[in-house]
Amino acid sequence: MESIIIIVFVLGYLAITLEHNLKIDKLIPALGMMALLWAIIALTHMDVFEVNAELKELEATHIDEILLHHLGKTAEILVFLLGAMTIVEIIDYFDGFATIKGYIKARSKRKLLWIFSILAFVLSAIIDNLTATIVLITILQKVIKDRELRLWFAGIIIIAANAGGAWSPIGDVTTTMLWIGHKVSAALLIEHVLIPSIFCMVVPVLIASRLKIFKGNIEGDFSDTGSKSKYGTIMLYLGLGMIVFVPLFKTVTHLPPYVGMMLSLAVVATFAEIYSNKKFAISGVNEDSGDFEGHHSPVHHSLARIELPSILFFLGILMAVAALESLGMLFHFAEKMDAVMPMLGTESAGEKVSDLVVLILGVGSAVIDNVPLVAASMGMFSVGVDDPVWHFIAYSAGTGGSMLIIGSAAGVVAMGMEKIDFFWYLKKIAWLALIGFLSGAVVFVLLRNFVLNV
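Small disclaimer: the values here were computed from a predicted structure and weren't measured. Just so you know, the residues in each chain are numbered from 1, in the order the chain's sequence is written. Predicted model: local features are reported for residues with pLDDT of at least 70 only, side-chain atom pairs are reported and counted for 80 or more only, and whole-chain, interface and lining totals are derived from all residues. In computing side-chain values, all of the structure's heavy atoms are included and hydrogens and water are not.

**Digging into the overall build of the protein chain**
Reasoning step 1: Put simply, DSSP marks the helices as runs of H or I at least four residues long and the strands as runs of E at least two long, and each gets a number from the N terminus on. The helix and strand tally for the protein chain stands at 21 helices and 4 strands.
Reasoning step 2: Looking at the protein chain as a whole, 54% of its 454 residues are labelled buried.
Reasoning step 3: The contacts in the protein chain between residues at least 6 apart in sequence include a share of 76% that link residues at least 24 apart.
Reasoning step 4: Per element, the accessible surface of the protein chain, about 19900 Å² overall, is 66% carbon and sulfur. Whether a residue is buried, partly exposed or exposed follows from its accessible area with a 1.4 Å probe, protein chains only, as a fraction of its type maximum: under 20%, in between, or over 50%, in that order. We call two residues contacting when some pair of their heavy atoms lies within 4.5 Å. To measure how exposed things are, a 1.4 Å probe is used in the Shrake-Rupley method; for residues, cover is taken only from the protein chains shown.

**Quick notes on the environment of Pro309**
Reasoning step 1: Here Pro309 is to be found in helix 14 (residues 308-326).
Reasoning step 2: Its relative accessible area of 35% is what places Pro309 among the partly exposed residues.
Reasoning step 3: Sequence separation of Pro309 and Lys26 is 283 residues, and the distance between their C-alpha atoms is 8.7 Å.

**A word on a positive patch on the surface**
Reasoning step 1: The patches described consist of residues with a relative accessible area above 30% and no salt bridge, like charges being joined within 9 Å and nonpolar side chains (Val, Leu, Ile, Met, Phe, Trp, Tyr) within 5 Å. The working definition used for a salt bridge is a side-chain nitrogen of Lys or Arg within 4 Å of a carboxyl oxygen of Asp or Glu. By the counting rule applied here, Lys and Arg register as positive and Asp and Glu as negative, while His and the ends of each chain are not counted. Throughout, a charge is located at the NZ atom of Lys, the CZ atom of Arg, the CG atom of Asp or the CD atom of Glu. A cluster of like positive charges, contributed by Arg110, Arg210, Lys212 and Lys215, occupies part of the molecular surface.
Reasoning step 2: Positionally, Lys212 belongs in the loop between helix 10 (186-208) and helix 11 (232-253).
Reasoning step 3: Overall, Lys212 belongs to the exposed group, its relative accessible area being 74%.

**What about the confidence of the model for the protein chain?**
Reasoning step 1: Put simply, the protein chain has an average pLDDT of 83, and 86% of its residues get 70 or more.
Reasoning step 2: Averaged over each element, pLDDT in the protein chain is lowest for strand 3 (residues 347-348) (46) and highest for helix 10 (95).
Reasoning step 3: Confidence scores per residue from the predictor, reported as pLDDT, run from 0 to 100. Counting interchain partners and residues more than four positions distant, the pLDDT-below-50 stretch residues 279-295 has 18 contacts.
Reasoning step 4: This stretch, residues 343-351, has a pLDDT under 50; its non-local contacts, to residues over four places away or in other chains, come to 24 contacts.

**Things to note about unusual backbone geometry**
Reasoning step 1: Positive phi, normally seen in glycine, also occurs at Lys23, with a value near 60 degrees.
Reasoning step 2: Residue position: Lys23 is located in the loop between helix 2 (19-22) and helix 3 (27-43).
Reasoning step 3: Non-glycine residue His254 carries a positive phi angle of around 65 degrees.
Reasoning step 4: Tracing the chain through its elements places His254 in the loop between helix 11 and helix 12 (257-275).
Reasoning step 5: A relative accessible area of 67% means that His254 is categorised as exposed.

**Observations concerning a nonpolar patch on the surface**
Reasoning step 1: A contiguous nonpolar patch, built from Ile6, Ile7, Val10, Leu11, Leu14, Leu18, Leu22, Ile24 and Ile28 and spanning about 790 Å² of accessible area, is present on the exposed surface.
Reasoning step 2: Locating Leu18 in the fold gives a position in the loop between helix 1 (2-17) and helix 2.

**Quick look at the packing of helix 7 (residues 129-143) against helix 19 (residues 409-418)**
Reasoning step 1: The axes are straight lines fitted to the C-alpha atoms, using for helices just the contacting stretch, and the angles between their N-to-C directions are given from 0 to 180°. The geometry of helix 7 relative to helix 19 is characterised by a closest axis approach of 8 Å and an angle of 25 degrees between their N-to-C directions. The angle between helix 7 and helix 19 places the two elements in the roughly parallel class. Considering how the two elements wind past one another, helix 7 and helix 19 form a crossing that is right-handed. Contacts from Asn129, Leu130, Thr133, Ile134, Ile137, Thr138 and Gln141 in helix 7 reach Ala409, Ala410, Val413, Ala414, Met417 and Glu418 in helix 19. Put simply, angles under 35 degrees are roughly parallel, angles over 145 are roughly antiparallel, angles from 65 to 115 are roughly perpendicular, and the rest are oblique. If you view the pair so one helix is near and one far, a crossing is left-handed when the near helix is turned anticlockwise from the far one by less than a right angle, and right-handed when it is turned clockwise.

**What about the side chain of Ser377?**
Reasoning step 1: Within the fold, Ser377 resides in helix 17 (residues 370-380).
Reasoning step 2: The definition of a polar contact used here is a pair of N or O atoms within 3.5 Å, where within protein one atom must be able to donate a hydrogen and the other to accept one, and adjacent residues in sequence count solely through side-chain atom pairs. From its side chain, Ser377 meets the backbone oxygen of Val374 in a polar contact 2.7 Å long.
Reasoning step 3: Setting aside chain neighbours within four positions, we find Ser377 in contact with Leu361, Trp390 and Ile393.

**Side note on the pattern of salt bridges**
Reasoning step 1: Taken as a whole, this structure holds 5 salt bridges when the rule is applied.
Reasoning step 2: Arg305 serves as the salt-bridge partner of Asp92, at 4.0 Å between the closest nitrogen and oxygen. With a gap of 213 residues between them, Asp92 in helix 4 (residues 63-93) and Arg305 in helix 13 (residues 298-305) connect regions that are remote in the sequence.
Reasoning step 3: Overall, Asp92 belongs to the partly exposed group, its relative accessible area being 34%.
Reasoning step 4: Given a relative accessible area of 44%, Arg305 falls into the partly exposed group.

**A closer look at helix 7**
Think of an α-helix as 3.6 residues a turn; residues three or four steps apart then line up on the same face.
Reasoning step 1: Here helix 7 spans 21 Å end to end across 15 residues, near enough to the 21 Å set by a 1.5 Å rise per residue.
Reasoning step 2: Of the surrounding elements, those touching the buried residues of helix 7 are helix 4, helix 5 (98-101), helix 6 (109-127), helix 8 (147-166) and helix 19.
Reasoning step 3: Capping of helix 7 at its N-terminal end is provided by Asp128; its side-chain oxygen lies 2.9 Å from the backbone amide nitrogen of Leu130. One less than the residue count of a helix, multiplied by 1.5 Å, gives the span that helix is expected to have.

**Digging into the nonpolar core**
The tendency in soluble globular proteins is for nonpolar side chains to be buried side by side.
Reasoning step 1: Within the largest apolar cluster, 140 residues are counted, with the highest numbers of intra-cluster contacts made by Ile5, Ile90, Phe116, Ile127, Phe153, Phe381 and Ile393.
Reasoning step 2: Top contributing element to this core by residue count: helix 8, with 13 residues.
Reasoning step 3: Leaving out residues up to four positions away in the same chain, Ile127 has contacts with Val88, Phe97, Ala132, Leu240 and Ile243. Grouping buried Ala, Val, Leu, Ile, Met, Phe, Trp, Tyr and Cys residues that are joined through side-chain atoms within 4.5 Å yields what is termed a nonpolar core.

Written out as C-alpha cells, the structure reads:
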C-alpha cells in the first residue's frame, strides 16, 4: 500500500507543479490528494506514527489522534495567515501603501534600483514577500513607463523580496511554518539568517547596478504621491507595527503566534471601524446610496478580499505531507538521504544533516513549491529547536525559489502582473538569483562554523 500512497502523492504533486499547463488551480489537486491519502490509510488500516524528536523514533498512535494532532498544527498556521492577510487588506482599504510612493523621489535608475530593492527586502520581512511584491510592482507601474526596464526592476524585486522574507518569522509562509512548528525562535532565526539574506539581496543588486540597462535617469510620474485617504498613513504604520508586535507578544506570553495575530487584527480592525466614513447598518443596506461595498465595513470588505484559495491550498498540501509523515516515510527517507550525502553540516544532538541536502532543498524550491518541501523537511529531520539545520532550511527554501520565476509566490504574482516570460527571466535574472543564493549560503556556513558557534 505504501507504493499506492507514493503514486497518489507524486501525481498530486505533478498536478500542483503543472498548474499553469493544466489550467487547474493548485488547491484542487492539493485538497484531492490530501483526502485520498488519508482515505487510503483509513480503509487499509495502515499503522500511523508520531515522531518522537527526543528519542528519534516512531511511536504508534490512533488515526483519529494523529489527524487531530496534524489538523491542530495546520490550523495554527492557517489562522495566523488569515489574520495577517486581513490586516494587509485593511491597510490597502485605506490606500495606505500609496504612502510609500511618496518617498520615491530619485530619478537615477541605479538609485531607484537600490530603493526598490531595500523596500522589497524590508517590507517582505513584515507583510510577507508576496504582498510586498504586489505593492512594489504596483508602484513600479506608476513610476517607470519603459516596459523592458520595468521587467528588470520586477526581477530584482523578486530576488530582494524572497531574501527579505527568509530571515523573518512572519516574512514567508515557510519561515512562519518553522516558527509556529517550534523549529526556530524569532530571535535566533534573525540572528542566523539576516546577514546571509542581506548578502543574497545585495550581491545581485550590486552586479545589476553595473549593467547598461540601469544607467541614466528615468522620466517618471512623481506628482501623484501620498494616500487618497487621510487615514492611509496612520493605518499603514499601525498595521505594520501590529504585525511586528506578534513575535514580541509570543516571546512575552509564550502563547502560539496566532493568538498575538488575532490581538493585532482586533486592534487594527478597531481603528479601521473608527476611521471609516462609511455607514454601517445591521438590519440592511441602502444600495441606492452608492455605498454598497463590503457590507459598509472595512473589516468585512477586507475579509472578502483575502486569498482564500491560498489558505485551502496550504490546508491540502500540509495535511497531505502530514499523511506521509504519519506513515514514517519522511523519517526513513531522511535517514537514507543523509546516509549517502557528504556530511558537511555541523553535528548536534548526536545527529548530523548534510549541508548538501539543505542546498538541494533550496534548488528544488525553484522547481517545486517550497511549502511542501519545508513541510516534508519538518517531518524528515528530528534535530532540536533552533538547530542550525532549521535556519539553513529557512534560508535555502526562502531564497532558492528566486532562481526560476515559477519558484516562488513572489515570482508567480510578478509574472502575472507584468506578463514576464519564463525564458526571459531564465536568461536575464536567474543567474543573478543563483549568485545571490550561493553568496548567502557561503556566508551562512561561515557564520555558523566560525562565529555563531564560538
